[in-house]
Amino acid sequence: MLVKTQYFHYDGEIQLQSGATLGPITLAYETYGQLNKDRSNAILICHAWSGDAHVAGRHSPDDPKPGWWDDAVGPGKAFDTDKYFVVCSNVIGGCGGSTGPSSINPKTGRPYGLSFPIVTIADMVEAQRLLTDHLGIERWLTVGGGSMGGMQALQWTVSYPARVRSAIVLAATARLSPQTIALNEVPRQAIYADPNWNNGDYYGKTPPNAGLAVARMIGHITFLSDASMREKFGRRLHNGSEGYGWRFDPEFEVERYLNYRGHSFTKRFDANSFLYLSKAMDYFDLSYGLPSLADAFRKVTAKFLVVSYTSDWLYPSWQSKELVRALLQNDIDVTYVEIDSNYGHDAFLLEVDRLAELTRDFLRRVESAH
Amino acid sequence: MTLNGKRPDLDAIIALIPPKARVLDLGCGDGELLARLIHERQVLARGVELSEANVRACIARGLSVRQGNIEEGLADYPDGAFDYVILSQTLAYLDHPTPVVNEMLRVGQRAVISFENAGYWRTRWRMLRGQGIGGDLCSGEARARAITLPQFEALAACVQAKIESVRLFAGDKPVRAFPTWQARIAIYVLSRAQAMV
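K.L.:
Could you give an account of the overall build of chain B, with specific residues and numbers?
P.N.:
Summing up its helical and strand segments, chain B has 8 helices and 8 strands in all. The C-alpha atoms of chain B give a radius of gyration of 16 Å, which matches the 16 Å a tight globule of 197 residues would have. Counting the 197 residues in chain B, one finds 39% classified as buried. Partitioning the intrachain contacts of chain B with sequence separation of at least 6 by distance along the chain shows that 65% fall at a separation of at least 24.

Set out below in structure tokens:
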């Protein structure tokens, strides 16, 4: 499946949750499959922290890597592009072609850096709403995603209840826990501590790659689980080495893995975007300013598929159960499954067989309801 | 739990539920009862089920089911959210039946509870012969409590529930005489006798 990234430009400004404004805005997006005549088969996939608009397929026949969720999006897959028109857009604040801190601020002609306003999950959804209007889609059949993508799906049901028939919320939460905020703060501190970060002003100079690599390493620890690390690495040493080297170089497979992942991440991701997106998640709390979480969903009419994974300690099952409870308090149609998996938070990307079955069955019911 | 693979209580439960009722099935298994209730009674159906495989089977049937244990499943619903809350052949497996029955009467107008009567004469006969109650220990079946009709009625009294109706079966035939001995399956419909203080 060959795809091309497209760009939507909005010349106006949007009002952000913080009160600041942002504009003009560019959103990078990709589409797969065909929009049907009555425009009722459109699915919006929302990406997680380090994702982008390129959810599936390849950009050229010799493209070495497919999109980030190619296992789940494509012909005959969980989000079947033979049946559905699938859209994925890069969030604002990101660095995958949408407006973010590395974009040029039209007022100064220089990259925004830290003058980029703080954006929230609701602001990301507001930008996606502009794209939705541009694509002529009145109502999404479903908005779905994992982790930060699941938060956007939830936000869609709250911000635009009439424009979402259903939501698929994987490994996510309606509000970040203190543990997860803590696990976001340490990576931010790693970036601040890199002198190359220079208060976000590093474009055209050496970027804070050391800080960003450490930040990403911490991230990868939180995406795995105790069990998956034991399974994947054990105490094995790199290169099949039989004994210890008695030095500080990374020797254990798990160290090599984290170092490799950390450093390869710096080639494709902007440190400031990393900071802005982590802050957007920390601020995410649908009950903010309300008496209870249940109050957030008073006007919501979408049907929900909520999935958590037993070994996910970043967004543990209790958070999905808290969400389910708030939805049920509003008499909302919720299906909740806790998938037994050792893959930790990454399970939402990896357990695609069970997800495909759930998605197919769930969407069939959503489509049959009026 | 099946009797020679049949669930004679399901037909009887379906007969109790009026059309278009709001129904919650606790421990809904693979969703057979809920699917039949939707088909035969056009109910608004919701289920709670512990096993992931069963939840997925329910979703495959097009049902709206949440995974979880019965206690947490019940706590999530507001007062009076359902017309009927069903507990079919699951009472014997609960560690604490009293709070569950109480909660059923909080979230539902009526509770429908079916269970195997441990006072059934064949069961008593098995006990007399020293064969015990329930399946073989090596069958892997969860620990079940033996419940008799008077025991259940005492439970209803202790949660101040009114017994609205009782249906008793041996095989698929209704039982008329000597119910505490003759009934193999009991289906009780409870409602709240008075407002709880």
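K.L.:
Give me the overall build of chain A: which residues, what numbers.
P.N.:
When its secondary structure is counted, chain A shows 10 helices and 14 strands. Taking 21 Å as the expected radius of gyration for a compact globule of 370 residues, we find that chain A reaches 20 Å, a close match to that expectation. In terms of principal-axis extent, the alpha carbons of chain A reach across some 65 × 50 × 50 Å. Counting over 370 residues, chain A shows a buried share of 51%. Residue pairs in contact within chain A that sit at least 24 positions apart in sequence constitute 71% of those at least 6 positions apart.

K.L.:
Please set out the domain arrangement of chain A residue by residue, giving values where relevant.
P.N.:
Often, the extent of an interface is quoted as the loss of accessible area on bringing the components together. All names here are of chain A. Splitting chain A by domain gives domain 1 (6–177 + 284–368) and domain 2 (181–278). For domain 1 and domain 2, the distance between their C-alpha centroids amounts to 26 Å. The partner domain 2 presents 19 residues to the 23 residues of domain 1 that form the contact. Split by residue class, the side of domain 1 that touches domain 2 holds 12 nonpolar, 10 polar and 1 charged.

K.L.:
Break down the interface of chain A and chain B for me, citing the residues and quoting the values.
P.N.:
At the junction of the two partners, chain A supplies 20 residues and chain B supplies 15 residues. Only α8 (317–328), β14 (334–339) and α10 (352–368) of chain A provide two or more residues apiece to the side of chain A that touches chain B.

K.L.:
Just give me the short version of the packing of helix α1 (residues 121–134) of chain A against helix α2 (residues 148–159) of chain A, but keep the residues and values in it.
P.N.:
Residues and elements named next belong to chain A. The interhelical angle for the contact between α1 and α2, taken along N-to-C directions, is 70°, at an axis separation of 9 Å. Taken together, the axes of α1 and α2 are roughly perpendicular relative to one another. Across the interface between the two elements, I121, A122, M124 and V125 from α1 touch M151, Q152, Q155, W156 and S159 from α2. The residue makeup of the contact of α1 with α2, split by class, is 6 nonpolar, 3 polar and no charged.

K.L.:
Go over unusual backbone geometry, please, and point to the residues and values.
P.N.:
The omega torsion across G23 of chain A and P24 of chain A is -5°, close enough to zero to call that bond cis. When you line up the elements, P24 of chain A lands in the loop between β3 (21–22) and β4 (25–32). Phi is positive for N199 of chain A, close to 55°, though the residue is something other than glycine. Positionally, N199 of chain A belongs in the loop between α3 (178–192) and α4 (209–223). Using a count of 9 C-beta atoms within 10 Å as the deciding quantity, one classes N199 of chain A as exposed. Positioned with a positive phi, Q89 of chain B is a non-glycine residue whose angle comes to about 55°. Judged by the 20 C-beta atoms lying within 10 Å of it, Q89 of chain B is buried.

K.L.:
Tell me what's going on with the nonpolar core, and back it up with residues and numbers.
P.N.:
Residues and elements named next belong to chain A. I43, V86 and A167 are the most contacted members of the largest nonpolar core, which has 157 residues in total. Both domains that furnish three or more residues to this core are identified here as domain 1 (6–177 + 284–368) and domain 2 (181–278). Residue contacts for I43: discarding those within four places in its chain leaves F79, Y84, F85, V86, W140, L141, T142 and G144.

K.L.:
Explain the pairing of strand β4 (residues 82–88) of chain B residue by residue, including any values.
P.N.:
All names here are of chain B. In terms of residue burial, β4 counts as a mostly covered element, since 6 of its 7 residues are buried. In this sheet, β4 lies alongside strand β1 (residues 22–26) in parallel orientation, the contact comprising 4 bridges. The partner of V23 across the bridge, within β4, is Y84. Of the pairings in the sheet, the one linking β4 to strand β5 (residues 108–116) comprises 6 bridges and is parallel in character. Pairing of L87 across the sheet is with I113, part of β5. In the classification by handedness, the crossover that spans β4, the intervening helix α5 (residues 97–107) and the parallel β5 is right-handed.

K.L.:
Summarise the environment of E52 of chain B; cite the residues concerned and give the values.
P.N.:
Along the chain, the position of E52 of chain B falls in helix α3 (residues 52–60). By C-beta crowding, E52 of chain B is classed as partly exposed, having 16 other C-beta atoms within 10 Å. Contacts of E52 of chain B, omitting those with residues within four sequence positions, involve V337, E338, I339 and D340 of chain A together with Q67 of chain B.

K.L.:
So what's going on with α3 of chain B? Which residues, and what values?
P.N.:
Within the sequence span of α3 of chain B, burial applies to V55, R56, C58 and I59 of chain B. Seen from one end, α3 of chain B has its buried residues packed into an arc of 155°, which puts them on one side. On its buried side, α3 of chain B packs onto β14 and α10 of chain A together with β2 (44–49) and β3 (65–67) of chain B.

K.L.:
Go over the packing of α3 of chain A against helix α7 (residues 271–283) of chain A with me, naming the residues and quoting the values.
P.N.:
The relative placement of two packed helices comes down to the angle between their axes together with the axis-to-axis distance. Residues and elements named next belong to chain A. Relative to each other, α3 and α7 sit at 160°, their axes nearing to 10 Å. Considering their axes alone, α3 and α7 lie roughly antiparallel with respect to each other. As for the relative orientation of α3 and α7, their crossing is left-handed in sense. Of the residues in α7, those touching α3 at I181, N184, P187, R188 and I191 are A271, F274, L275, S278, M281 and D282.

K.L.:
Residues and numbers for the confidence of the model for chain B, please.
P.N.:
Any residue range with low pLDDT should be treated as having predicted coordinates unsuitable for detailed reading. In this model, chain B carries a mean pLDDT of 89, and residues with pLDDT of at least 70 account for 95%. Here the prediction assigns the complex a pTM of 0.93, and the interface score ipTM is 0.87.

K.L.:
Quick rundown of α4 of chain A? Include the residues and the values.
P.N.:
Its 15 residues give α4 of chain A an end-to-end C-alpha distance of 21 Å, which sits within 8% of 21 Å, the value for a rise of 1.5 Å per residue. Taken as a whole, α4 of chain A has its buried residues at G211, L212, A213, V214, A215, R216, M217, G219, T222 and F223 of chain A.

K.L.:
Can you explain the pairing of strand β11 (residues 142–146) of chain A? Please cite residues and give values.
P.N.:
Residue and element names in this part refer to chain A. Within β11, 5 of the 5 residues are buried, which leaves it mostly tucked inside the rest of the structure. What you see with β11 is no split at all: T142, G144 and G146 on one side and V143 and G145 on the other are buried throughout. Alignment of strand β5 (residues 42–46) against β11, held across 4 bridges, turns out to be parallel. Bridging across to β11, C46 finds its partner in G145. Two elements, β11 and strand β12 (residues 166–170), share 4 bridges in a ladder whose sense is parallel. The partner of G145 across the bridge, within β12, is V169. Taking the sense of rotation as the criterion, the β-α-β connection linking β11, α2 and β12 turns out right-handed.

The rules behind each value
- Numbers given to residues run from 1 along each chain, matching the order in which its sequence is written.
- Written order determines the labels here, with chains lettered from A and ligands numbered from 1.
- The predicted nature of this model means local features are confined to residues of pLDDT at least 70 and side-chain atom pairs, given and counted, to a pLDDT of 80 or more, with totals for whole chains, interfaces and linings taken over all residues.
- Helix numbering and strand numbering both begin at the N terminus, where a helix is a DSSP run of H or I of at least 4 residues and a strand a DSSP run of E of at least 2.
- Every radius of gyration here is taken over C-alpha atoms, with the globule rule written as 2.2 Å times N^0.38, N being the number of residues.
- In this scheme the burial state of a residue depends on its C-beta neighbours within 10 Å: 20 or more other such atoms mean buried, 12 or fewer mean exposed, and anything in between means partly exposed; the C-beta positions come from the backbone.
- With C-beta atoms placed from the backbone, a contact is any residue pair whose C-beta atoms sit within 7 Å.
- Start and end points for every domain follow an automatic or database-based domain assignment.
- Following the grouping adopted for this structure description, the nonpolar residues are Ala, Val, Leu, Ile, Met, Phe, Trp, Tyr, Cys and Pro, the charged ones are Asp, Glu, Lys and Arg, and the polar ones are all others, Gly among them.
- Note on geometry: axes are lines fitted to C-alpha atoms, helical ones only across the stretch in contact, with angles between N-to-C directions running from 0 to 180 degrees.
- An angle counts as roughly parallel when it lies under 35 degrees, as roughly antiparallel when it exceeds 145, as roughly perpendicular when it falls between 65 and 115, and as oblique in every other case.
- A set of buried residues qualifies as a nonpolar core if it consists of Ala, Val, Leu, Ile, Met, Phe, Trp, Tyr and Cys joined through C-beta atoms within 7 Å.
- Two strands are counted as paired when DSSP detects at least two bridges linking them.
- Here, the term right-handed applies to a crossover whose path from the first strand over the helix to the second runs clockwise when the strands point away from the viewer.
- Directions drawn from the helix axis to the C-beta atoms are what define this arc.
- Crossing handedness is defined as follows: a turn of the near helix away from the far one that is anticlockwise and smaller than a right angle gives a left-handed crossing, while the clockwise case is right-handed.
- Values of pLDDT, which run from 0 to 100, indicate the predictor's confidence residue by residue.
- Expected span, for any helix, means 1.5 Å times one less than how many residues it has.

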